Amino acid sequence: MASVDAKEHHSPIPDDSDPTETAEWLESLDYVLEHKGPERVKQLLGALEEAAHRNDVELPFTATTPYINTIPRSEQPPYPGDRELERRIKSYVRWNAMAMVTRANRHPAEPGGHISTFASSATLYEVAQNHFFKGRGEDGFSGDQVYFQGHAAPGMYARAYLEGRLTERNLVNFRRELSDGGGLSSYPHPWLMPDFWEYPTVSMGLAPIMAIYQARFNEYLTDRGIADLSNKHVWAFLGDGECDEPETLGAISLATREQLQNLIFVINCNLQRLDGPVRGNGKIIQELEGTFRGAGWNVIKVIWGGEWDPLIEHDDEGVLANRMMEIVDGQYQKYTVSPGSYIREHFFGVDPRLEAMVKSLSDEKLTKMRRGGHDPDKVYAAYNRAVNLKNGKPTVVIAKTIKGYGLGEGGEGRNITHNKKKANEEELREFRTRFGIPISDERVAEAPFYRPPEDSPEMKYMRARREALGGPVPSRNASRSTISVPALPAYEKTVNTKMVSQGEGKEMSTTMGFVRLLSDLLRDKEMGKFIVPIVPDESRTFGMEGLFKQVGIYAHAGQLYEPVDAGELSYYKEAQNGQLLEEGITEAGSMSSFNAAGTSYSAHGVPMIPMYIYYSMFGFQRIGDLIWAAADMRAKGFLLGGTAGRTTLNGEGLQHQDGHSLVNAMAFPTVRAYDPAFNYETAVIMFHGMKRMYVDNETCIYYIMLENENYMMPPMPQGPDGGPCKEVEEGIIKGMYKVSPAPERKKHHVQLFGSGAILRGVLDAQKLLAEKYDTSADVWSVTSYTELRREAQECRRWNMLHPGEEPRVSYLERQLEGLEGPFIAASDYMRALAEQIDPWVPGGLFALGTDGMGRSESREALRRHFEVDAEFVTLATLDQLKKAGKEDLPCLKQVITDLGIDPDKESALYA
């Protein structure tokens, strides 16, 4: 937009008290801009702003620019492609996407699907596909990483069909993945389509934060010299409505702080979310611009198509710019569905100067003036600038589009558009004609798919563009990727010395044991550099401060200050090649780093081993959606639930006391969840997990509880050969082993199960029962109820499906076969955790657990409150013996008195 002509004394300031003076200032600004350039203008304006502040002049503040394109037509680079061929390719992709969803919903299953999101974003994607998205290349791991907007998945399938990567049968079976010939997942799901999708993105808000931490992790690998990813870009496509999710914008300042110029957001602003306008009474593009500019991002707005350029360039008085700014989004949506006469009257008709601008334009022309996100020239210019900016900042492209673009009166720009899943014959015919799809009138109602002949100009062009860019996108490398990891015997000294209590007064927690093991693993010459320790600002809580000096805290800029504790042994050491990711107070950010590290094997061909330790309460409960995304994207690594247990973390109270994360973890198929009591159990699980994930190439996540309670840590039980006992090792992994057989057989005999810190109370109950109640007990350490149940469940299923064949017997059933019950279990988690194995326990299982709300108290008081201490284990055992018909047992009323239990105490479940 040209500045004001000083001679005519036009002023953009309403009720200007001195238009002549204003014109002179603007004329001076034009002179400096023309003769000295924009940098000099910035210097002068900065000096003026500083002088105004110095003299207590309160300046008007705005974080936004005018409601026009960031890149004017004069700065647009020439479009490098064949616009006509690209238009036809895009039209075929549009048609096939719509036909796929429409045909799927004619099936009796009516699986649903979304047409409108891709309809609005087709140009945004196709320009990128033809000119910007770098494929994986010859090595299979080069190229960009793209987080596609989940609801736009039909467009990606439609293009892959044109490319020959998907069959017509695949498209017919959209959202019916179990059908003959293979189907397509509803949204991007790497678990379901491991050769196609890289990242699950339809749980809105997760893609942006994961993309940010992915871009940072790429810099981490580059800075540490593990892989050179300096030529990769991370793209995240999202919707304007999605920006209401806190995860979407919650981490954008990190992208600036870490100078992630490898990161590009593309926000499709079709102004409409699921039910109605994103900001009916506001302007979401301006809101987003202010947010991102305030966070230090490069912001490129693509608002108006090329048809608007002549009007904007001749808007000498700024009247059009002012009108564009004052109209709210809800009204812009009204213009979308209105005829040209309405636009002329209600948009341009408010001012004679605006009316004059469009006097020569017909009403039909007014309806066809595109929004910027539908103009390939504008989109190309934005992307070209984004990938070439080298100012150390991330970039966001904010593009204005129309939801349901091209869907006709039944879907374009309307509140119902998001839920539109079918197109009738008239709509199909209109779409076919509008986009020039070569399908006859006789066949159009069938919604047939269309692919041009293999030797057509369109197919040749499309293949050539993707070949030049390195291959198809999206694409995931599902090839086997392993590294050498040590086995348990190689660390026998660590396990049997550093992780063992060396006499009285040398108690330690399982957290301390893990940290000692981690410290030694980081020194491993072959594997150590591949470990990615992740912690959300709790390193000192977990006793990990020694790692600050040992491996350093990763900081892309290095350490630009002298830390206040520089003279101490474990000072806060940041380094560009640091290995520890100390993420600050953000579990979501930390988990996003885990996801980036855990998928490095498929993204970069470099298997990394994330070990993320955090307050267990703030994992599956707080960021379960990101953990589910990790499972979907086939991430590998270790989640360490620190300060675990409802009664073990005693002082922090209800908000921090975790008695349910292991129950939550049951729902995650790829998660192997464990609750070890002793350090050697933790070590066995760690080494087994590394082998399963990084040698055997299994896709899974190991979740290990770590506690803060100090107690005596015994050495690993030895086998006949003097090495680790194989039976114990197998039991730890399978889920249970006999940790303390009854020293002698008493009149009554029972089986006691204990886990984590509660195992010691079960061992105390073993003594109490023997000494006072003539009852002997075998005590089992149950490291994983869930692993026991899963295997038993699979055996049961196999046996049901294979009648007449020799039945499979689970590990759990083999261990309990022939044992005398009853069976009593106690853990620091909800009763449901142990109860999941009840169907396979002879005579059933009686479980004690910590159902209810936590609170601050001593561990002893808490365990009495939740009824999981030695006394309650004893009472439960005698009660179950009596119910089993055992005779010569003491009066339970007297037992309750002797054990100091209040029979009228309130249930912890409701307390």
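Parameters at a glance
- Residues numbered from 1 in each chain as written.
- Predicted model: local features only at pLDDT ≥ 70, side-chain atom pairs only at ≥ 80, totals over all residues.
- Heavy atoms only, no water.
- Salt bridge = Lys/Arg side-chain N within 4 Å of Asp/Glu carboxyl O.
- Helix = DSSP H or I, 4+ residues; strand = E, 2+ residues; numbered from the N terminus.
- Buried < 20%, exposed > 50% of the residue type's maximum accessible area, 1.4 Å probe, protein only.
- Pairing = 2+ DSSP bridges.
- Axes fitted to C-alpha atoms, helices over the stretch in contact; angles between N-to-C directions.
- Contact = heavy atoms within 4.5 Å.
- Polar contact = N/O pair within 3.5 Å; in protein donor to acceptor, adjacent residues only side chain to side chain.
- Patch = residues over 30% accessible without salt bridge, like charges linked within 9 Å, V, L, I, M, F, W, Y side chains within 5 Å.
- Areas by Shrake-Rupley, 256 points an atom, 1.4 Å probe, with all protein chains shown as cover.
- Lys, Arg positive; Asp, Glu negative; His and termini not counted.
- Charge placed at Lys NZ, Arg CZ, Asp CG, Glu CD.
- Right-handed = clockwise from strand over helix to strand, strands pointing away.

### Concerning the pattern of salt bridges
- For the coordinates displayed, the defined rule picks out 53 salt bridges.
- The residue R54 makes a salt bridge to E50 at a minimum N-O spacing of 3.6 Å. Taken together, the positions of R54 and E50, both in helix α2 (residues 38-54) and four residues apart, correspond to about one turn of that helix.
- With a relative accessible area of 58%, R54 lands in the exposed category.

### Quick notes on the sheet that holds strand β15 (residues 748-754)
- With mixed pairing, five strands are arranged side by side in an open sheet as β14-β16-β15-β17-β18. Because the sheet does not close on itself, it has two edges, and the strands there are β14 (736-740) and β18 (845-848). Each strand axis lies, on average, 30° off the axis of its neighbour in the sheet, ignoring direction.
- Note: β15 against strand β17 (residues 823-826), four bridges, orientation parallel. If you follow L752 over to β17, its bridge partner there is I824.
- Packing of helix α29 (residues 759-773) onto the sheet brings it into contact with β14, β15, β16 (775-782) and β17, and relative to β16 it is tilted by some 170°.

### Overview of the sheet that holds strand β12 (residues 671-674)
- Sheet architecture is open: six strands sit in the order β9-β6-β10-β11-β13-β12, paired in parallel fashion. The open sheet has two edge strands, β9 (581-582) and β12, and neither has a second partner.
- Strand direction decides the pairing type here: strand β11 (residues 637-642) and strand β13 (residues 701-705), joined by five bridges, are parallel. Bridge assignment links G641 to a residue of β13, and that residue is M705.

### Things to note about the side chain of T874
- Within the fold, T874 resides in helix α34 (residues 870-883).
- At 2.8 Å, the side chain of T874 and the backbone oxygen of A870 are in polar contact.
- Setting aside residues no more than four positions away along its own chain, T874 makes contact with A765, L768, L769, Y773 and L899.

### Describing the environment of H131
- Here H131 lies in helix α4 (residues 116-131).
- The sequence separation of H131 and Y79 amounts to 52 residues, and the corresponding C-alpha distance is 10.0 Å.
- Residues within four places of H131 in sequence aside, it is in contact with Y79, P80, G81, E86, Y380, Y461, R465 and L469.
- Here Y79 takes part through its side chain, which lies 3.5 Å from a polar atom of the side chain of H131.

### Digging into a negative patch on the surface
- A contiguous patch of negative charge on the surface is contributed by D18, E21, E24, E27, D30 and E34.
- Counting through the fold element by element, E24 comes out in helix α1 (residues 19-36).
- On the accessibility criterion, E24 (44% relative accessible area) is partly exposed.

### Some details on the pairing of β12
- Neither face of β12 is open: one carries V671 and A673, the other R672 and Y674, and all of them are buried.
- For β12 and β13, the ladder comprises four bridges, and the chain directions are parallel. The residue of β13 that forms the bridge with V671 is I701.
- This β-α-β element, β12 to helix α27 (residues 679-694) to β13, shows right-handed connectivity.

Purely geometric stuff here, so don't read any function into it on its own.
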